[in-house]
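The primary structure of each chain is shown beneath.
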Amino acid sequence: DMTILGGCIAALIFAASTAVRKNASVYPLFLVGAFLMVVIALVSSEANTAEFSSTIHVLSMYIALIGLGFSSPDLSKFCQQLMMGTNMLLTAWILYQGYYAEPLKGWQISNPAGGTNMMAAQLNMTLPLVLSRIHNSAREKKVAYIVLLFLNGVSVVLVMSRNGIGSMLIILTLYLLFNHKRMAVLAIGIIMSVSVSLDSIIQIPFVNNVLVRMRFVGYVPTAPRSVIWQVAWGHIRTHPMLGVGPGGPRQALQVVDTYHAHNNFVQVALETGILSSVIFVSLTSLLLWLPAKTLFGRREYFLPTLPILAYASYSWTAMPL
């Protein structure tokens, strides 16, 4: 519980410390969007008589979006240091547990601050910073960052998050495609070769065994995402304006033995209504415009926007909000 409240407080402190800078930039749409989502959540909580603790949790997540309403180059160094510290802390935590865990077996590594899959998602969001430092460093530092990148990849695999592994491959592929011309050709060739020969590759005993243990092949979930979304959509149609209320998804989705919709956008619509979800989708779309814009403009700025793509890819099958 404290991690959600703590994250919200940290986001507000960050916003306040940024807003007082002389060279601060303000993004009104994020401030207005966060404010409207908070108001809708309060009305939904009252209308659905939600539990107080659930209301506090949802408000904390929505209020934290205010942190996106301000930016300042003065805090760039601090942000990078915080990201690198988080990256190394998570990597050390996962590797320590992974050393004593059975190889390629899920749900063995715990996360004291939330869901296990969150650790893989957060590492993926910091990978672009490590890649950037590899690109800009020389000699010993470059080698150290390469080793860190390798350990990051091992950590994501050890968490055994299919979404995390997929997102990591997407991030690394995009990095190669848009930052190294020769490697881009090689990456495209490998992707095409694997796509054409996928069936044959899967039949190789060693490869098949690894994919089975990683739950990419032959895994039948008790509640597939499609079923969860179908059940959630039924409740959204019944409560389109205000949703089932903060904390309501736990009861609404208990029929499929889960407590959240495994999708950020569906979760917001289910919990606080379609209008709230539309606002959140709009804010996410504004963020996604940054990597899209850099592709058609100055590509040297594409790498720093990759964390947004890592976050968005995780949002489709989980709830990192």
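Before going into details, it helps to say that this report is about the structure given with it. Computed from a predicted model, the values in this text were never measured in an experiment.

**Here we look at the overall build of the protein**
Right, so step 1: Counting its secondary structure elements, the protein contains 15 helices and two strands.
Right, so step 2: Looking at the protein as a whole, 38% of its 321 residues qualify as buried.

**Regarding unusual backbone geometry**
Right, so step 1: Of note, the phi angle at Met160 is positive, near 65 degrees, even though the residue is not glycine.
Right, so step 2: Mapped onto the elements of the fold, Met160 is located in the loop between α6 (139–159) and α7 (162–179).
Right, so step 3: By relative accessible area, Met160 is classed as buried at 2%.
Right, so step 4: Of note, Asp257 is a non-glycine position whose phi angle comes to about 55 degrees, a positive value.
Right, so step 5: When its relative accessible area of 67% is taken as the criterion, Asp257 is described as exposed.

**Brief notes about helix α13 (residues 264–272)**
Right, so step 1: α13 sits mainly inside the fold: nine of its nine residues count as buried.
Right, so step 2: Inspection of α13 places Asn264, Phe265, Val266, Gln267, Val268, Ala269, Leu270, Glu271 and Thr272 among the buried residues, and these make up the whole buried set.
Right, so step 3: On its buried face, α13 sits against α2 (28–47), α3 (52–63), α11 (225–238), α12 (248–252), α14 (274–295) and α15 (306–315).
Right, so step 4: Measuring from the backbone nitrogen of Phe265 back to the side-chain oxygen at the start of α13 gives 2.9 Å, which picks out Asn263 as the cap.
Right, so step 5: Following α13 by one or two positions, Gly273 adopts a phi angle in the positive range, close to 105 degrees.

**Details of the side chain of Asn264**
Right, so step 1: Here Asn264 shows up in helix α13.
Right, so step 2: When near neighbours in sequence (up to four residues on either side) are disregarded, Asn264 contacts Phe280, Tyr311, Ser315, Ala318, Met319, Pro320 and Leu321.

**Comments concerning the environment of Thr284**
Right, so step 1: You can see Thr284 is positioned in helix α14.
Right, so step 2: For the pair formed by Thr284 and Phe30, sequence separation is 254 residues and the distance between their alpha carbons is 9.8 Å.

**Quick look at the nonpolar core**
Right, so step 1: One finds Met37, Met61, Tyr62, Leu65, Val268, Phe280 and Leu321 to be the most contacted residues of the largest nonpolar core, which totals 18 residues.
Right, so step 2: Put simply, the parts of the chain that give this core at least two residues each are α2, α3, α13 and α14.
Right, so step 3: Broken down by element, the residue count for this core peaks at six residues, all from α2.
Right, so step 4: In this structure, Val268 is in contact with Met37, Tyr62, Gly273, Ser276, Ser277, Phe280 and Leu321, ignoring residues within four places of it in sequence.

**Quick look at a nonpolar patch on the surface**
Right, so step 1: Together, Val32, Phe35, Leu36, Val39 and Val43 give the surface a local cluster of nonpolar side chains, amounting to about 420 Å² of exposed area.
Right, so step 2: By the secondary structure assignment, Val43 is in helix α2.
Right, so step 3: Taking the relative accessible area as the measure of exposure, Val43 reaches 44% and is therefore partly exposed.

**Considerations on the packing of α2 against α14**
Right, so step 1: Running from amino to carboxyl end, α2 crosses α14 at an angle of 155 degrees, the nearest separation of the two axes being 9 Å. With respect to their mutual orientation, α2 and α14 come out roughly antiparallel. In the crossing of α2 with α14, the sense of the turn from one axis to the other is left-handed. Along the contact surface, α2 presents Leu29, Phe30, Gly33, Ala34, Leu36, Met37 and Ile40, while α14 presents Leu275, Ser276, Ile279, Phe280, Leu283, Leu286 and Leu287.

**Some details on the packing of aromatic side chains**
Right, so step 1: Enumeration according to the criterion identifies four aromatic pairs in this entry.
Right, so step 2: Consider the rings of Phe265 and Phe280, whose centres lie 5.6 Å apart with planes at 40 degrees: the pair is tilted. Residue Phe265 is found in helix α13, and its partner Phe280 is found in helix α14; the two are separated by 15 residues along the sequence. No difference in accessibility class separates Phe265 from Phe280, as the two residues are buried.
Right, so step 3: A ring pair is formed by Phe265 and Trp316, whose centres lie 5.3 Å apart and whose planes are at 55 degrees; its orientation type is tilted. Taken together, the residues Phe265 in helix α13 and Trp316 in the segment after α15 connect sequence positions 51 residues apart.
Right, so step 4: A relative accessible area of 12% means that Phe265 is categorised as buried.
Right, so step 5: Taken together, Tyr96, Tyr99 and Tyr100 form an aromatic cluster joined through their ring pairs.

The rules we used
- Residues numbered from 1 in each chain as written.
- Predicted model: local features only at pLDDT ≥ 70, side-chain atom pairs only at ≥ 80, totals over all residues.
- Heavy atoms only, no water.
- Helix = DSSP H or I, 4+ residues; strand = E, 2+ residues; numbered from the N terminus.
- Buried < 20%, exposed > 50% of the residue type's maximum accessible area, 1.4 Å probe, protein only.
- Contact = heavy atoms within 4.5 Å.
- Polar contact = N/O pair within 3.5 Å; in protein donor to acceptor, adjacent residues only side chain to side chain.
- Core = buried A, V, L, I, M, F, W, Y, C linked by side-chain atoms within 4.5 Å.
- Patch = residues over 30% accessible without salt bridge, like charges linked within 9 Å, V, L, I, M, F, W, Y side chains within 5 Å.
- Areas by Shrake-Rupley, 256 points an atom, 1.4 Å probe, with all protein chains shown as cover.
- Salt bridge = Lys/Arg side-chain N within 4 Å of Asp/Glu carboxyl O.
- Axes fitted to C-alpha atoms, helices over the stretch in contact; angles between N-to-C directions.
- Parallel < 35°, antiparallel > 145°, perpendicular 65-115°, else oblique.
- Left-handed = near helix turned anticlockwise from the far one by under 90°.
- Phe/Tyr/Trp six-rings, centres within 6.5 Å; stacked < 30°, edge-to-face > 60°.

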